[in-house]
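An overview of the molecular structure
Listed below, chain by chain, are the residues.
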Amino acid sequence: MSAPALPPELALLEWWRDAAWSAPRDALKRAAALLRLQAGAEVPVAPTPADVVFTENKLRLLRYRRSKAAREAAPVLLVPSIINRYYVLDLTRGFSLVEFLRDQGFDVWMIDWGTPGPEDRFVTLDDHVERLLLDCVHEVTRATGRRAVSLVGYCIGGLLATLFAALHGGRVASLVTLAAPIDFHDEGLLSAWTRPRHFPVDQLIDTWGNMPAALLQTSFQWLVPTVALRQNLALWDRVDQPEKLVYPRALARWAEDNVDVPGETYRKFVRDCYQRNLLVQDRLQVGGRSVRLRDIRCPLLVLTAGEDHICPAPSSEALARRVGSTDATVFRGPGRHIGAFVGPAAKREVWPRLRSWLAERG
Amino acid sequence: MDPTRYGRDLFDIWEKHTSRWWDTALRSPLLLEAMGDTLRRSLRLQEAARASADTWLRLAGLPTPAEHLHLQHRLNQLEADLQRLRRLTAEP
């Protein structure tokens, strides 16, 4: 026999009594868990074991160790962005694109651009493509005995990989871009902020040398100022479930570990790409040559994020329409600039596609 | 009845509207021009201070910080070139 239902006014009182007791108790428990979390060890980042195969100035070329035989596929060279640390693609155990590809049998390599010092203000965008990236590709092909590599570039790394593929087609077996900006006159806020009238990039680099990491990070936070609050709320919600906090904590650690951008690289990136949008007009000069996107004839996979506010999806997808390749695929996944490629959604939506695509074209 | 759910729903509504407002505000030519002008003025001041420090260093017959950095960069480039040459000569 069920208990008789309470009259509504008593039920409300009962709910109020329960809430009055449980809410502060729950808040105290969460605060204690948060303190324990902050006092505890940091989440390990960049967990996949690797060997440093080559160094040049601050750059390191990493080759990830494998436990099983490699596929008969071209080696995969990951080209991360130059405005953040490389290990976003090897974030933490279970959220590492490197680990995923390696476990699928690929021979995975990654460029760590290093931390530029004040003297690196003179390192140019051309140096990144024609010296550093070229040397890394040369080193990978020499070590593996393969003629060409599969380039997988993330964000500005995707732009560098694209420039390289256009200039050195014979050395690239396939090209994958993850949220790589190509058409810079998009609807994004960064495009609006960097217009010459508002942003004196020449004066800034002449005065400061390198572009300070703190300023870049602040500008990214301003793109969607409520994100930090949402992340903190999510942390509060899950603070009693440490296993669900591994990814956000690793991501937070990565987000606080920033690097300056070499001044001359930043100058050209803003002036020729954001302000003049030369790449899509085939007028961008790298190493004294014009970059023509139609010279990219290798298979191309363009991966974008539907809610990307740093590199809006149409900016990346413009590449697929301009290359000379007959094998160009575009996939727009859910999420934002980072989560779409390293977060839980990436594991479901993006990584399996990338694996199949690379395996088919290897 | 879960009061936290209402809190979350309210937060979602607030976030949606705030984000939209921020996006419009941060595109405003008025704001961008004001920020650009402030940045320009601040850079001009810093540049003047640096130029003045450089003048004093030159008068004292010392290299400027920029000259130091340039030299360091050239040395880094030279080291990389040597490394490249060594690799090329070592290859069969």
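Residues numbered from 1 in each chain as written. Chains lettered and ligands numbered in written order. Predicted model: local features only at pLDDT ≥ 70, side-chain atom pairs only at ≥ 80, totals over all residues. Heavy atoms only, no water.

1. Focus on the overall build of chain A
Operational definition: Under the DSSP-based scheme used, a helix requires at least four consecutive residues in state H or I and a strand at least two consecutive residues in state E, with every element numbered from the N terminus. Each residue gets one of three labels from its accessible area relative to the maximum for its type: buried under 20%, exposed over 50%, partly exposed in between, using a 1.4 Å probe on protein chains only. Any two residues having at least one pair of non-hydrogen atoms within 4.5 Å are treated as being in contact.
When helices and strands are tallied, chain A shows 13 helices and 12 strands. Summarising its shape, the C-alpha atoms of chain A cover approximately 85 × 55 × 40 Å along the three principal directions. Here chain A holds 362 residues, and 55% of them are scored as buried. Sequence-distant contacts, at least 24 apart, represent 79% of the contacts inside chain A between residues at least 6 apart.

2. Brief notes about the pairing of strand β7 (residues 149-154) of chain A
Residue and element names in this part refer to chain A. Rules: Any two strands with at least two DSSP bridges between them are considered paired.
Of all 6 residues in β7, 6 are buried; the element is thus mostly enclosed. Residue alternation in β7 divides its side chains into two sets, Val 149, Leu 151 and Gly 153 and Ser 150, Val 152 and Tyr 154, and both sets are buried. By the bridge criterion, 4 bridges tie strand β3 (residues 76-79) to β7 in an arrangement that is parallel. When the sheet's bridge partners are listed, Val 76 is paired in β7 with Ser 150. Relative to strand β8 (residues 172-178), β7 is paired through 6 bridges, and the arrangement is parallel. Bridge pairing links Ser 150 to Ser 174 in β8.

3. A short note on the pattern of salt bridges
Oppositely charged side chains can pair when the atoms bearing their charge come close. Definition in use: For this analysis, a salt bridge means a side-chain nitrogen from Lys or Arg found within 4 Å of a carboxyl oxygen belonging to Asp or Glu.
Using the criterion set out here, one finds 39 salt bridges over all chains in the structure. Residue Arg102(A) is joined to Asp103(A) by a salt bridge in which the shortest nitrogen-to-oxygen separation is 3.0 Å. Under the relative-accessibility criterion, Arg102(A) is labelled buried at 14%. A salt bridge links Arg294(A) to Asp282(A); the shortest N-O distance between them is 2.7 Å. Note that Arg294(A) is positioned in the loop between β10 (289-290) and β11 (300-305) and Asp282(A) in the loop between α10 (263-275) and β9 (285-286), a separation of 12 residues in sequence. Salt bridges sharing partners connect three or more residues here, namely Glu56(A), Arg131(A), Asp135(A), Glu139(A), Arg142(A), Asp81(B), Arg84(B) and Arg87(B).

4. Here's the deal with the interface of chain A and chain B
We count it as follows: As a working definition, buried area equals the accessible area (1.4 Å probe) given up by two parts on being put together, with both sides summed. As used in this structure description, the phrase polar contact means that two N or O atoms lie within 3.5 Å; if the pair is within protein, one of them must be able to donate a hydrogen and the other to accept it, and residues adjacent in sequence are counted only when both atoms belong to side chains.
Taken together, the contact between chain A and chain B spans 42 residues of the former and 36 residues of the latter. A buried area of about 3,600 Å², summed over both sides, lies between chain A and chain B, and 57% of it is on carbon and sulfur atoms. In this assembly, chain A and chain B are joined by 9 salt bridges. Linking chain A with chain B are 17 residue pairs in polar contact (both at pLDDT 80 or more), by the criterion used here. Ranked by residue count, the leading element in the side of chain A that touches chain B is helix α3 (residues 125-144) of chain A, at 6 residues.

5. Comments concerning the packing of helix α6 (residues 201-208) of chain A against α10(A)
Residues and elements named next belong to chain A. Applied cut-off: Angular values range over 0 to 180 degrees, each being the angle between N-to-C directions of two axes fitted as lines to C-alpha atoms, with helices fitted over their stretch in contact. Each angle receives one of four descriptions, namely roughly parallel if under 35 degrees, roughly antiparallel if over 145, roughly perpendicular if within 65 to 115, and oblique otherwise. Here the nonpolar group is Ala, Val, Leu, Ile, Met, Phe, Trp, Tyr, Cys and Pro; Asp, Glu, Lys and Arg are the charged ones; every other residue, Gly included, is treated as polar.
Between α6 and α10, the shortest axis-to-axis distance is 10 Å and the interhelical angle comes to 175°. It follows from the interaxial angle that α6 and α10 lie roughly antiparallel. Seen from α6, the contacting residues are Val 201, Asp 202, Ile 205 and Asp 206; seen from α10, they are Gly 263, Glu 264, Tyr 266, Arg 267, Val 270, Arg 271 and Gln 275. Its residues assigned to classes, the contact of α6 with α10 comprises 4 nonpolar, 2 polar and 5 charged.

6. Topic: the packing of aromatic side chains
Just so we agree on the cut-off: Pairing of aromatic side chains requires ring centres within 6.5 Å, counting the rings of Phe and Tyr and the six-membered ring of Trp. Pairs whose planes differ by under 30 degrees are stacked, by over 60 edge-to-face, and all others tilted.
All chains considered together, the criterion is met by 11 aromatic pairs over all chains. Between Phe100(A) and Trp351(A), the aromatic rings sit 5.5 Å apart at their centres with planes inclined by 40°, giving tilted as the arrangement. Here Phe100(A) is found in helix α2 (residues 97-103), whereas its partner Trp351(A) is found in helix α13 (residues 344-361), with 251 residues between them in sequence. Side by side, Phe100(A) and Trp351(A) carry an identical accessibility label, which is buried. Both rings, one in Phe11(B) and one in Trp14(B), keep their centres 5.6 Å apart while their planes meet at 40°; by these two values the pair is tilted.

7. Here's the deal with unusual backbone geometry
Residues and elements named next belong to chain A. Despite not being glycine, Ala 46 shows a phi value in the positive range, around 50°. Here Ala 46 is to be found in the loop between α1 (8-39) and β1 (50-56). A relative accessible area of 24% means that Ala 46 is categorised as partly exposed. One non-glycine residue, Asp 282, lies in positive phi territory at about 60°.

8. Re the packing of α3(A) against helix α3 (residues 65-90) of chain B
What counts here: Left-handed is the label given to a crossing in which the near helix is rotated counterclockwise from the far helix by less than a right angle, and right-handed is the label when the rotation is clockwise.
Between α3(A) and α3(B), whose axes approach to 13 Å, the crossing angle comes to 30°. For the crossing formed where α3(A) meets α3(B), the hand is left-handed. Between α3(A) and α3(B), the residues in contact are Asp127(A), Arg131(A), Asp135(A), His138(A) and Glu139(A) and Gln77(B), Ala80(B), Asp81(B), Arg84(B) and Arg87(B), respectively. By residue class, the composition of the contact of α3(A) with α3(B) is 1 nonpolar, 2 polar and 7 charged.

9. Quick look at the environment of Asp51(A)
All names here are of chain A. If you trace the backbone, Asp 51 turns up in strand β1. A C-alpha to C-alpha distance of 8.3 Å links Asp 51 and Leu 61, two positions 10 residues apart in sequence. Residues in contact with Asp 51, not counting those within four places in the same chain, are Leu 61, Leu 62, Arg 63 and Arg 65. At 2.9 Å, the side chain of Asp 51 and the side chain of Arg 65 are in polar contact.

10. Side note on α10(A)
Residue and element names in this part refer to chain A. Burial of α10 is extensive: 11 of the 13 residues sit out of reach of the surface. Regarding α10, the residues found buried are Gly 263, Thr 265, Tyr 266, Arg 267, Lys 268, Phe 269, Val 270, Asp 272, Cys 273, Tyr 274 and Gln 275. Looking at the buried positions of α10, the neighbouring elements they touch are α3, α4 (156-167), α5 (189-193), α6, α7 (213-223) and β9. Directly after α10, the chain includes Asn 277, whose backbone phi takes a positive value near 50°.

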